[in-house]
Structures are given as C-alpha cells and as structure tokens.
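The residues making up each chain are set out below.
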Amino acid sequence: MSARHLLAAQGEEFHAPGTEIFEWGPLWDGAPSWVSKPTLIVTLSVIIVVGFFWAASRKPQMVPRGVQNVGEIGYLFVRDQIARPMIGKDGDKWVPFLVSTFFFVLIMNWMGVVPVMQLPGPSHIAFAVVLAIFVYLLMWGLSIKNQGLIGWFKNMMFPPGLPKGLYLLYSPIELMSVLVLRPFTHSIRLFANMFAGHLLIAFFASVAWWFLAEKVTLMGAPIGLVGFLVTIIMTGFEIFIQALQAYIFALLAASYIGGALHPDH
C-alpha cells in the first residue's frame, strides 16, 4: 500500500511540499518585503566569506597554520584547477575574483544544509541571474577592450580554419550561444540544481516527519524510516552537488574571461 493510499484509508492525506517552501515574507511585521530569509542568507554568506579570508590573511606566516592554511588551500585550488587551466597566462590576475565567486556561491549553496537556515540562496533564481549577468557584462567589457567590438564579433562568428560553407551554420549558432544562451544557462544550471535538490530533501524529510512523528502507525513506520534514511543520504549527496555547482559556476566564469582575453583559444 502506498503512503498516499495508507493515509487516505485513515481519512487523512499527506501533502508533499511544493514551491511554497521557497516563498518567504519579511523577517518581522512591518519590515520591507526584501528583508527576508533569502536576503539574510546571501548577506551572511558575504560576511562569512569576507570574514574567513580576512582572518586567513591578516597575520600571514611563512609556515601557514589554522585558518591561514585552509585559506591558502582554497586559494591554490581555485588558481590551479580553475584560473590557470581556463584563462592561461593571465589566470593569476583573476584568481581573487574567482576565489570570491567560488566561495560565495559555495557558502550560499551550503546554507541549504545548515540547521535553521536550510535554504540555498541560488534556489531563488534572482540571485543566480544577478551573478550570471555580472559575469556576462564582465565578458562583454573584456572582449571589447581586448578585441574591439567588431573584432570580437568577427572572432566569435568567423574563427579561422573552418570551411566557408560551414560558417552559414556555425556563425548564427555561436552568436546565439554567446549573446543569449550563456547568461541563461549559466544561471539556470545553478538555480535548477539548488531548487531541485532542496525540494527533494524537503519531500523525504516531510515523509519521515509525517510517519514517525505526526501519524505513527505500524504500517507507516517503515515508510517513515525509509524517508529518514533517504533524507540523510540525500543531504550528503546534496553537499557534494552544492560544491560541484559552485565549482562549475566559477569554471564557466573563468572560461568566459579566458575567451574574452584570448579569442584564439
């Protein structure tokens, strides 16, 4: 017997969580509408990232320890795994920006598994869109500065070495990709993963709570236990996905910067 049928037989029905779990009003009565939990999460993420790297760099030592050691590991990871491979010889100049981007997105994502917070910032599409648009505008500025407007479009649409007939297919696709799809996919990828992951965890947690705390029955207890175990597994998996999405977001940002600086690559 399914969970839905079991509850229906008892005269009650389980209501799965939906998009309403992402809707948050003001933190207190009379507060502006934008003073909400998502805004608080983003603000705390900024404070955590700034505070962490300030603590890691305020008294640098030749042999790093503690917070400095963790901060240097994070810096070197972004430099060696994101900046240098995607940007090349100019990669080191962009490490501070990419470190900030990676860890800001990472902390916002991890807020989804922090008790009380329990909401990833990018699960609200506006935050993902703002970040993607910033990277997009940066790409435009660097491309025009380094290649010129006409040169950028020429390099974008007519890269050397292709058969002339292929440009009829390649050029409009590449133009659409760079000018329209890049900011869209850059933001949607982050948003969709955070939205779906949070919704899944909320669903299984609700199943566990309903059958183990609200409506405890002999038949429902195994369902609640499965929901509880899956919630734990999904939370561990979501922590990994959250870190992976922060890495992918920063990696794509570095790729766009690299393309703007070095169109031949």
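Since the model is a prediction, treat every value here as computed from it, not as a measurement.

1. Comments concerning the overall build of the protein
Link 1 in the chain: Along the protein, the regular secondary structure elements total 8 helices and 0 strands.
Link 2 in the chain: Relative to the 2.2 N^0.38 estimate, which gives 18 Å for 265 residues, the radius of gyration of the protein is 23 Å and therefore markedly larger than a compact globule would have.
Link 3 in the chain: The buried share of the protein, reckoned over its 265 residues, is 38%.
Link 4 in the chain: By element, 71% of the accessible surface of the protein is carried by carbon and sulfur atoms, the whole surface being about 15,100 Å².
Link 5 in the chain: Distance between charge centres in the protein, computed from 15 positive and 13 negative side chains, equals 14 Å.

2. Here we look at a nonpolar patch on the surface
Link 1 in the chain: On the surface, L212, L225, F228, L229 and I232 cluster together to form a nonpolar patch covering roughly 460 Å² of accessible area.
Link 2 in the chain: It is helix α8 (residues 220–261) that contributes the most residues to the nonpolar patch, 4 residues altogether.
Link 3 in the chain: Checked against the element boundaries, L225 lands in helix α8.

3. Let's talk about unusual backbone geometry
Link 1 in the chain: The phi angle at V116 is positive, at roughly 80°, despite the residue not being glycine.
Link 2 in the chain: Positionally, V116 belongs in the loop between α4 (95–110) and α5 (125–147).
Link 3 in the chain: What makes V116 exposed here is its relative accessible area of 65%.
Link 4 in the chain: A positive phi angle, close to 45°, is found at Q118, a residue other than glycine.
Link 5 in the chain: Locating Q118 in the fold gives a position in the loop between α4 and α5.

4. Concerning the packing of helix α3 (residues 66–87) against α8
Link 1 in the chain: Closest axis-to-axis distance for the α3/α8 pair is 7 Å, and the angle between their directions is 35°. In terms of crossing hand, the pair formed by α3 and α8 is right-handed. Across the interface between the two elements, F77, Q81, I82, M86 and I87 of α3 pack against Y247, A250, L251, A254, S255, I257, G258 and L261 of α8.
Link 2 in the chain: Taken together, the residues of the contact of α3 with α8 sort by class into 10 nonpolar, 3 polar and no charged.

5. Notes on the environment of D80
Link 1 in the chain: Take D80: it is sitting in helix α3.
Link 2 in the chain: Along the backbone, D80 and W140 are 60 residues apart, and their C-alpha atoms lie at a distance of 25 Å.
Link 3 in the chain: A polar atom in the side chain of D80 sits 2.9 Å from the side chain of R79.

6. Observations regarding the nonpolar core
Link 1 in the chain: Among the nonpolar cores identified, the biggest contains 50 residues, and W94, L98 and I257 are the most heavily contacted of them.
Link 2 in the chain: Looking at this core, the elements that each hand over two or more residues are α2 (37–57), α3, α4, α5, α6 (149–157), α7 (167–214) and α8.
Link 3 in the chain: Here I257 is in contact with I87, W94, F97, L138 and L142, once residues within four sequence places are set aside.

7. Some details on the pattern of salt bridges
Link 1 in the chain: The final tally for this structure, using the stated rule, is 3 salt bridges.
Link 2 in the chain: A salt bridge links D80 to R84, with the nearest nitrogen and oxygen atoms 3.7 Å apart. Here D80 pairs with R84, and both are found in helix α3, just 4 residues apart, close to one helical turn.
Link 3 in the chain: Given the relative accessible area of 36%, R84 is considered partly exposed.
Link 4 in the chain: As a salt-bridge pair, D92 and R84 come within 2.8 Å of each other at their nearest N and O atoms.
Link 5 in the chain: Each of the salt bridges in this network shares a partner with another, and the network as a whole consists of R79, D80, R84 and D92.

8. Section: the confidence of the model for the protein
Link 1 in the chain: Within the protein, residue pLDDT values average 89, and 95% of them lie at 70 or more.
Link 2 in the chain: Across residues 1–11 the pLDDT falls below 50, and counting only partners more than four positions away or on other chains, this stretch makes 16 contacts in the model.

Each value, and the rule that gives it
- Residues numbered from 1 in each chain as written.
- Predicted model: local features only at pLDDT ≥ 70, side-chain atom pairs only at ≥ 80, totals over all residues.
- Heavy atoms only, no water.
- Helix = DSSP H or I, 4+ residues; strand = E, 2+ residues; numbered from the N terminus.
- Rg over C-alpha atoms; globule rule 2.2 N^0.38 Å.
- Buried < 20%, exposed > 50% of the residue type's maximum accessible area, 1.4 Å probe, protein only.
- Areas by Shrake-Rupley, 256 points an atom, 1.4 Å probe, with all protein chains shown as cover.
- Lys, Arg positive; Asp, Glu negative; His and termini not counted.
- Charge placed at Lys NZ, Arg CZ, Asp CG, Glu CD.
- Patch = residues over 30% accessible without salt bridge, like charges linked within 9 Å, V, L, I, M, F, W, Y side chains within 5 Å.
- Salt bridge = Lys/Arg side-chain N within 4 Å of Asp/Glu carboxyl O.
- Axes fitted to C-alpha atoms, helices over the stretch in contact; angles between N-to-C directions.
- Left-handed = near helix turned anticlockwise from the far one by under 90°.
- Contact = heavy atoms within 4.5 Å.
- Nonpolar A, V, L, I, M, F, W, Y, C, P; charged D, E, K, R; others polar.
- Polar contact = N/O pair within 3.5 Å; in protein donor to acceptor, adjacent residues only side chain to side chain.
- Core = buried A, V, L, I, M, F, W, Y, C linked by side-chain atoms within 4.5 Å.
- pLDDT = per-residue confidence, 0-100.

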